[in-house]
Amino acid sequence: MDRSLRNVLVVSLGFLLLFTAYGGLQNLQSSLYSAEGLGVAVLSTLYGAMLLSSMFLPPLLIRTLGCKWTIVAAMSCYVAFSLGNFYASWSTLVPTSILLGLGAAPLWSAQGTYLTTVGNAYAEKAGQTGKDVVSRYFGIFFLVFQSSGVWGNLISSLVFGQTPTQGSGVLAVLLVALLLDPLGDAQPRSEGERPSVGCTLLSTFRLLRDRRLRLLVLLPMYSGFEQAFLAGDYTRSYATCALGIHFVGYVMICFSATNSLCSELYGKVSRYTGRIPLYVFGAVTQLSCIIALLLWRPSPDQLAVFFVFSGLWGVADAVWQTQNNALYGVLFDKNKEAAFANYRLWEALGFVIAFGYSTFLCVSVKLYILVGVLCASMLAYGAAELLEARGLAGPQAVEATGPAEGGETQTKL
């Protein structure tokens, strides 16, 4: 097995183990701890902390620790949150959700940077197109990662009412720490060539000078909106109300299964179709689901329909997860750390806004908001593709970001 593919699998398996423990907990927060609004408060706090973390921490931590050890440190924050659920209360869940949020942005930024770097390095060595290899690697990653929703929700459903184990999270930390190769193909920069701490902290915002990025911020923001709706509103207002909370895990298993399989499919298909048809397909699929949800009146007699909606939502979400990550990695290949930090920043903002209005807007209004944000994000994405095709990107603030790694420096893409 090629070493770069081995590293992709190590990262993927690490995330699978980590989110098997965490994913089921996240999906049940809004239903399990709904009495005093604790569940929604925990999710809002989590993504609020992630929002703040995305502004500053990812480039700095990746530069200081390297991608590998940033992933290890951030995974430990998830383990702490799982421990907090053993004694669920405001005093345990809110602090650990803040810790998790601070670690989430560096975790995902380091993951995106790592996969993009090894993908482009392998493409250069094998004489293949970088964007095709990167898209395939993200497809493999999300195939493995999204299956964590199957196992995590299966555990949550079968042992509902009991605290889940954090053992798989600890195993994920050990797996990545022991088996993942650091990025060290390039020589470290001299002290004079390395950007200052101030420049590194601000690199996330400096990259917004690129017009393509300013247009593309709506894509991750919409991803936050639609994931928040599924986890916070579909599970509570549709599945829990009509079927009971014990069906939530099974509904989310269907979402995760279709998401996982479609992620691998899109990673391969994009090589032949390009990303634009996939974005169109994802938008049409999710828009159809939203319109149908506006018209549907859920009933316990329509059990299969609950799974059809979550399955189709997974088909569309797989587009956003695989193609958004590949898009950011390919378009901003010289500023990967800042690009993925921006990705998590705007996705977290979408989560925060969605969870923020979750308690006082009715479901139909939330669905209309999804329609508006989806349409706006697709129009902005089309404009970004047009700019890319014409070569009118604007400044990318290359000098602000520098290499990803301290000891593990960035390979040439």
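Residues numbered from 1 in each chain as written. Predicted model: local features only at pLDDT ≥ 70, side-chain atom pairs only at ≥ 80, totals over all residues. Heavy atoms only, no water.

**Description of the overall build of the chain**
Defined as follows: Each helix is a run of DSSP H or I of at least 4 residues and each strand a run of E of at least 2, with the numbering of both proceeding from the N terminus. Burial classes follow relative accessibility: with a 1.4 Å probe on protein chains only, a residue under 20% of its type's maximum area counts as buried, one over 50% as exposed, and anything between as partly exposed. Contact criterion: two residues are considered in contact whenever any of their non-hydrogen atoms come within 4.5 Å of each other.
Assigned secondary structure in the chain consists of 15 helices and 0 strands. Considering the chain as a whole, with its 413 residues, one finds that 59% of them fall into the buried category. Residue pairs in contact within the chain that sit at least 24 positions apart in sequence constitute 87% of those at least 6 positions apart.

**Things to note about the nonpolar core**
As a reminder, the rule being used: Joining through side-chain atoms within 4.5 Å is the link that ties buried Ala, Val, Leu, Ile, Met, Phe, Trp, Tyr and Cys residues into a set, and such a set is a nonpolar core.
Ranked by size, the top nonpolar core spans 111 residues in total, and within it Phe15 and Leu107 carry the most contacts. For this core, the leading source of residues is helix α2 (residues 38-84), giving 15 residues. Other than its neighbours up to four places away in sequence, leucine 107 contacts Phe15, Leu18, Phe19, Ile71, Ala74, Met75 and Tyr78.

**Some thoughts on the confidence of the model for the chain**
Selection criterion: As a per-residue quantity, pLDDT reports the predictor's confidence and falls between 0 and 100.
Averaged over all residues, the pLDDT of the chain is 84; the fraction at 70 or higher stands at 83%. Looking across the chain, the model is least confident in helix α15 (residues 398-401), with a mean pLDDT of 43, and most confident in helix α11 (residues 275-295), with 96. Residue range residues 397-413 is modelled with pLDDT below 50. Its contacts to residues more than four positions away, or to other chains, number 73 contacts.

**Some details on helix α13 (residues 336-356)**
Keep this limit in mind: Here, expected helix span is obtained from the residue count minus one, scaled by 1.5 Å.
Spanning 21 residues, α13 covers 30 Å between terminal C-alpha atoms, matching the ideal 30 Å at 1.5 Å per step. Among the 21 residues of α13, 17 are classified as buried, and the element is accordingly described as predominantly covered.

**A few points about the pattern of salt bridges**
Applicable threshold: Whenever Lys or Arg places a side-chain nitrogen within 4 Å of a carboxyl oxygen from Asp or Glu, that contact is recorded as a salt bridge.
Counted under the stated rule, the structure contains 10 salt bridges. Residue aspartate 233 pairs with arginine 236 through a salt bridge whose shortest N-O separation is 3.3 Å. Placement of the pair is aspartate 233 and arginine 236 together in helix α9 (residues 218-243), with a separation of 3 residues, close to one helical turn. Two residues, aspartate 233 and lysine 366, come together in a salt bridge whose shortest N-O distance is 2.5 Å. Taken as a pair, aspartate 233 in helix α9 and lysine 366 in helix α14 (residues 363-390) lie far apart in primary sequence, 133 residues in all. Residue lysine 366 is classed as buried on the basis of its relative accessible area of 2%. Where salt bridges share partners, they join Arg3, Arg6 and Asp181 into one cluster.

**Examining the environment of aspartate 301**
Positionally, aspartate 301 belongs in the loop between α11 and α12 (303-331). Taking C-alpha positions, aspartate 301 is 9.1 Å from leucine 243, a pair spaced 58 residues apart along the chain.

**Remarks on a nonpolar patch on the surface**
Put simply, the rule is: A patch consists of residues exposed above 30% relative accessible area that lack any salt bridge, with like charges linked at up to 9 Å and nonpolar side chains (Val, Leu, Ile, Met, Phe, Trp, Tyr) linked at up to 5 Å. The method behind every accessible area is Shrake-Rupley, applied with a 1.4 Å probe, and residues are considered shielded solely by the protein chains displayed.
A grouping of Val170, Leu174, Leu178 and Leu179 is seen on the molecular surface, where their side chains present a nonpolar patch of about 370 Å² in accessible area. Position of valine 170 among the secondary structure elements: in helix α6 (residues 167-179).

**As for the side chain of threonine 322**
Quick reminder of the rule: Under the rule applied, a polar contact is a pair of N or O atoms within 3.5 Å (in protein, one hydrogen donor and one hydrogen acceptor; residues adjacent in sequence only if both atoms are side-chain atoms).
Mapped onto the elements, threonine 322 comes out in helix α12. Residue threonine 322 is classed as buried on the basis of its relative accessible area of 0%. In this structure the side chain of threonine 322 is engaged in a polar contact, spanning 2.7 Å, whose partner is the backbone oxygen of alanine 318. Beyond its immediate chain neighbours, meaning those up to four positions away, threonine 322 contacts Phe138, Gly139, Phe142, Ser263 and Tyr266.

**Side note on the packing of helix α4 (residues 130-146) against helix α10 (residues 248-273)**
Applicable threshold: With axes taken as lines fitted to C-alpha atoms, and helix axes fitted only over the stretch in contact, angles between N-to-C directions fall between 0 and 180 degrees. To sort the angles, those under 35 degrees are grouped as roughly parallel, those over 145 as roughly antiparallel, those from 65 to 115 as roughly perpendicular, and the leftovers as oblique. Each residue gets one label: Ala, Val, Leu, Ile, Met, Phe, Trp, Tyr, Cys and Pro are nonpolar, Asp, Glu, Lys and Arg are charged, and the others, such as Gly, are polar.
Where α4 meets α10, the closest approach of the two axes is 8 Å, and the angle between their N-to-C directions is 170 degrees. Regarding the angle of α4 to α10, the classification is roughly antiparallel. Taking contact as the criterion, the partners of Asp132, Ser135, Arg136, Gly139, Ile140, Phe142, Leu143 and Gln146 in α4 are, on α10, Ser256, Asn259, Ser260, Leu261, Ser263, Glu264, Tyr266, Gly267, Ser270 and Arg271. By residue class, the composition of the contact of α4 with α10 is 5 nonpolar, 9 polar and 4 charged.

**Quick notes on the packing of α9 against α12**
Our working definition: For any pair of crossing helices, the crossing counts as left-handed if the nearer helix is rotated counterclockwise from the farther one by less than a right angle, and right-handed if it is rotated clockwise.
In the contact formed by α9 and α12, the axes pass within 11 Å of each other and the chain directions differ by 165 degrees. As summarised for this structure, α9 and α12 are arranged roughly antiparallel, according to the angle between their axes. For the element pair α9 and α12, the recorded crossing hand is left-handed. Of the residues belonging to the contact of α9 with α12, the class tally is 18 nonpolar, 5 polar and 2 charged.

**Considering the packing of aromatic side chains**
This is how the line gets drawn: Pairing of aromatic side chains here covers Phe, Tyr and the six-membered ring of Trp, requires ring centres within 6.5 Å, and sorts the geometry by plane angle: under 30 degrees stacked, over 60 edge-to-face, intermediate tilted.
Applying the stated criterion to the full structure yields 28 aromatic pairs. With 6.1 Å between their ring centres and 90 degrees between their planes, tryptophan 108 and phenylalanine 141 make a pair best called edge-to-face. Taken together, the residues tryptophan 108 in helix α3 (residues 90-126) and phenylalanine 141 in helix α4 connect sequence positions 33 residues apart. Here the two residues tryptophan 108 and phenylalanine 141 agree in accessibility, since each one is buried.

**A short note on the side chain of serine 54**
Mapping serine 54 onto the fold places it in helix α2. Side-chain polar atoms of serine 54 contact the backbone nitrogen of leucine 345, separated by 3.4 Å. Those residues in contact with serine 54, other than ones at most four positions away along the chain, are Ala105, Thr204, Ala341, Arg344 and Leu345.

**Digging into the environment of valine 371**
Structurally, valine 371 can be placed in helix α14. Distance in space between the C-alpha atoms of valine 371 and isoleucine 291 is 8.5 Å, their sequence separation being 80 residues. Setting aside anything within four residues of it in sequence, one finds valine 371 in contact with Leu287 and Ile290.

**Regarding α4**
Taking 1.5 Å of rise per residue, the 17 residues of α4 would be expected to cover 24 Å, and the 24 Å separating its terminal C-alpha atoms lies within 8% of that figure. Burial runs high along α4: 14 of the 17 residues are buried.

**A short note on the environment of asparagine 335**
Within the fold, asparagine 335 resides in the loop between α12 and α13. Residue asparagine 335 is classed as buried on the basis of its relative accessible area, which comes to 0%. Along the chain, asparagine 335 and serine 203 lie 132 residues apart, while their C-alpha atoms are 8.7 Å from each other.

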